[in-house]
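# Chain and residue survey
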Amino acid sequence: MDLIKFFVELRYSESHKLFRVYEQLYTSLAGKSTPEKQPIVLPGFGLHVQERKMRVLVDPERSVVDLEYVPNTGYCLDTVVQGFRRINELAPLPPLARLGARSWWIKPSPITFEQLVSKYKEKLFKSSFLSENSVDIGVSFILKHQECKANINFGPMEMAQIRDMLFSKPENMPPVLTFLDIDYYLVTRKGSEFSEKEVRDFTKNALDFAKQQSEKFETYFIGE
């Protein structure tokens, strides 16, 4: 299967100080907390680097590096680590509560969407009134891998569906395809400080795991 999207999210255990400057400035000037019942948190921002098919999101709760149509997994690893390194250099990240890496994989289908739906219904489900009358299907799994878990969603898809899910213009997108979505994540026991090595190791494990799963899915579900 072909990797068309890969993004890593670092979720903080507390709001990023960069977006709480209003509260900090008021306290420093007035010598007391702000009178508002809820803290004033500034909105985040996103950057779109079109020529690299890359988006970066930084907001009060998380930072994300999002890549599409990547040439290889090595590029994913290096670009993600570099992206978070640059973010941390400019605005040091708070302790992390969760690390997540999500990848989308596709496999072109030589048959129609309706035929592909029928094929997977026969392979995945026993005959029932639900499966017999369904016009589309999707299957979800939750797998455990070392200290991490992975939410896996799998099923047939048409180009129009996935096109609306991408921020880049689709490249050589087949009209009908099999779609595999792997959301790999680690919840930290305590808020851990940002570590470039930890992010690199986690991202590499996520990529290796996703590649292995995509190969297994292709062999079992798609291969004849």
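Residues numbered from 1 in each chain as written. Predicted model: local features only at pLDDT ≥ 70, side-chain atom pairs only at ≥ 80, totals over all residues. Heavy atoms only, no water.

## Some details on the overall build of the protein
Keep this limit in mind: Helix and strand definitions follow DSSP, with helices as H or I runs of at least four residues and strands as E runs of at least two, each counted in order from the N terminus. Relative accessibility thresholds used throughout: buried, under 20% of the residue-type maximum; exposed, over 50%; partly exposed, between the two (1.4 Å probe, protein chains only).
Along its length, the protein carries six helices and eight strands. Across the protein, helices and strands are ordered from the amino to the carboxyl terminus as β-α-β-β-β-α-β-α-α-β-β-α-β-α. Seen along its three principal axes, the alpha-carbon backbone of the protein occupies a region of about 70 × 40 × 35 Å. Here the protein holds 224 residues, and the buried ones make up 44% of them.

## So, the packing of aromatic side chains
The description of an aromatic ring pair rests on the distance of the ring centres and on the angle between the ring planes. Worth spelling out the cut-off: The criterion for an aromatic pair is that two Phe, Tyr or Trp rings (for Trp, the six-membered ring) have centres within 6.5 Å, with stacked assigned to planes under 30 degrees apart, edge-to-face to planes over 60 apart and tilted to the rest. Placement of a positive charge over a ring is assigned whenever Lys NZ or Arg CZ falls within 6 Å of the ring centre and within 35 degrees of the normal to the ring plane.
Using the criterion set out here, one finds seven aromatic pairs in the structure. For the ring pair Trp-104 and Phe-179, a centre distance of 5.7 Å and an interplane angle of 70° mean the geometry is edge-to-face. Taken together, the residues Trp-104 in strand β5 (residues 96-108) and Phe-179 in strand β8 (residues 176-192) connect sequence positions 75 residues apart. When sorted by exposure, Trp-104 lands in the same class as Phe-179, which is buried. A centroid spacing of 5.2 Å and a plane angle of 40° characterise the contact between Tyr-184 and Phe-209, whose relative ring orientation is tilted. Of the two residues, Tyr-184 is situated in strand β8 and Phe-209 in helix α6 (residues 196-222); the sequence distance between them amounts to 25 residues. The burial state of Tyr-184 is the same as that of Phe-209; both residues are buried. Within the aromatic cluster, the residues linked to one another by ring pairs are Tyr-120, Phe-141, Phe-154 and Phe-217. When the ring centre of Trp-104 is taken as reference, the NZ or CZ atom of Lys-5 above it lies at 5.4 Å.

## Quick look at the side chain of Lys-5
Inclusion rule: What qualifies as a polar contact is a pair of N or O atoms within 3.5 Å, subject to a donor-acceptor requirement within protein and to the restriction that residues adjacent in sequence count only when both atoms come from side chains.
Mapped onto the elements, Lys-5 comes out in strand β1 (residues 2-12). The class of Lys-5 is buried, set by a relative accessible area of 3%. Of the polar contacts made by the side chain of Lys-5, one reaches the side chain of Glu-68; its length is 2.6 Å.

## With respect to the packing of helix α2 (residues 73-90) against α6
To keep things clear, this is the line we draw: Orientation is described by lines fitted to C-alpha atoms, with helices fitted over the stretch in contact, and by angles between N-to-C directions that extend from 0 to 180 degrees. Relative orientations are named as follows: roughly parallel for angles under 35 degrees, roughly antiparallel for angles over 145 degrees, roughly perpendicular for angles from 65 to 115 degrees, and oblique for any other angle. Crossing handedness follows the turn of the near helix against the far one: under a right angle anticlockwise gives a left-handed crossing, and clockwise gives a right-handed one. Contacts are assigned to residue pairs that have any heavy atoms within 4.5 Å of one another. Think of it as three bins: nonpolar holds Ala, Val, Leu, Ile, Met, Phe, Trp, Tyr, Cys and Pro, charged holds Asp, Glu, Lys and Arg, and polar takes everything else, Gly as well.
At their nearest, the axes of α2 and α6 sit 10 Å apart, and the two run at 150° to each other. Regarding the angle of α2 to α6, the classification is roughly antiparallel. The element α2 and its partner α6 pack so that their crossing is right-handed. Contact residues: α2 offers Thr-73, Cys-76, Leu-77, Asp-78, Val-80, Val-81, Phe-84 and Arg-85, while α6 offers Glu-196, Val-199, Arg-200, Thr-203, Lys-204 and Leu-207. For the contact of α2 with α6, the per-class residue count stands at seven nonpolar, two polar and five charged.

## Examining a nonpolar patch on the surface
What counts is decided by this rule: Here, patches come from residues exposed beyond 30% relative accessible area and free of salt bridges, joined within 9 Å for like charges and within 5 Å for nonpolar side chains (Val, Leu, Ile, Met, Phe, Trp, Tyr). Each accessible area is a Shrake-Rupley estimate made with a 1.4 Å probe; only the visible protein chains count as cover when residues are assessed. Here, a salt bridge means any Lys or Arg side-chain nitrogen found within 4 Å of an Asp or Glu carboxyl oxygen.
Taken together, the side chains of Leu-18, Phe-45 and Leu-47 define a hydrophobic patch exposed on the protein surface, amounting to about 260 Å² of accessible area. Note that Phe-45 resides in strand β2 (residues 45-49).

## Some points on the sheet that holds β5
Threshold: Two strands make a pair as long as DSSP finds a minimum of two bridges between them.
Strand order across the open sheet formed by eight strands is β2-β3-β4-β1-β5-β8-β7-β6, with antiparallel pairing between neighbours. Looking at which strands have only one partner, the edges of the open sheet turn out to be β2 and β6 (139-145). Strand-to-strand twist in this sheet, taken as the mean axis angle between neighbours without regard to direction, amounts to 15°. Against the sheet, α2 engages β1, β3 (54-58) and β4 (62-68), with an angle of about 150° to β4. Here α6 sits on the sheet and contacts β1, β5, β6, β7 (148-158) and β8; the angle it forms with β8, its principal contact strand, is near 150°.

## Section: the pairing of β2
Here β2 runs beside β3; their pairing, made up of five bridges, is antiparallel. Residue Val-49 lies in a different strand from β3, and its bridge partner there is Met-54. Between β2 and β3, which pair antiparallel one after the other, the connecting turn spans four residues, and Lys-53 there sits at a positive phi close to 50°.

## Some remarks on α6
Short version of the rule: The span expected for a helix works out to 1.5 Å for each residue beyond the first.
Here α6 contains 27 residues, and its C-alpha end-to-end distance of 37 Å stays within 8% of the 39 Å for a straight helix at 1.5 Å per residue. Residues of α6 that are buried: Val-199, Phe-202, Thr-203, Ala-206, Leu-207, Phe-209, Ala-210, Gln-213, Ser-214, Phe-217, Phe-221 and Ile-222.

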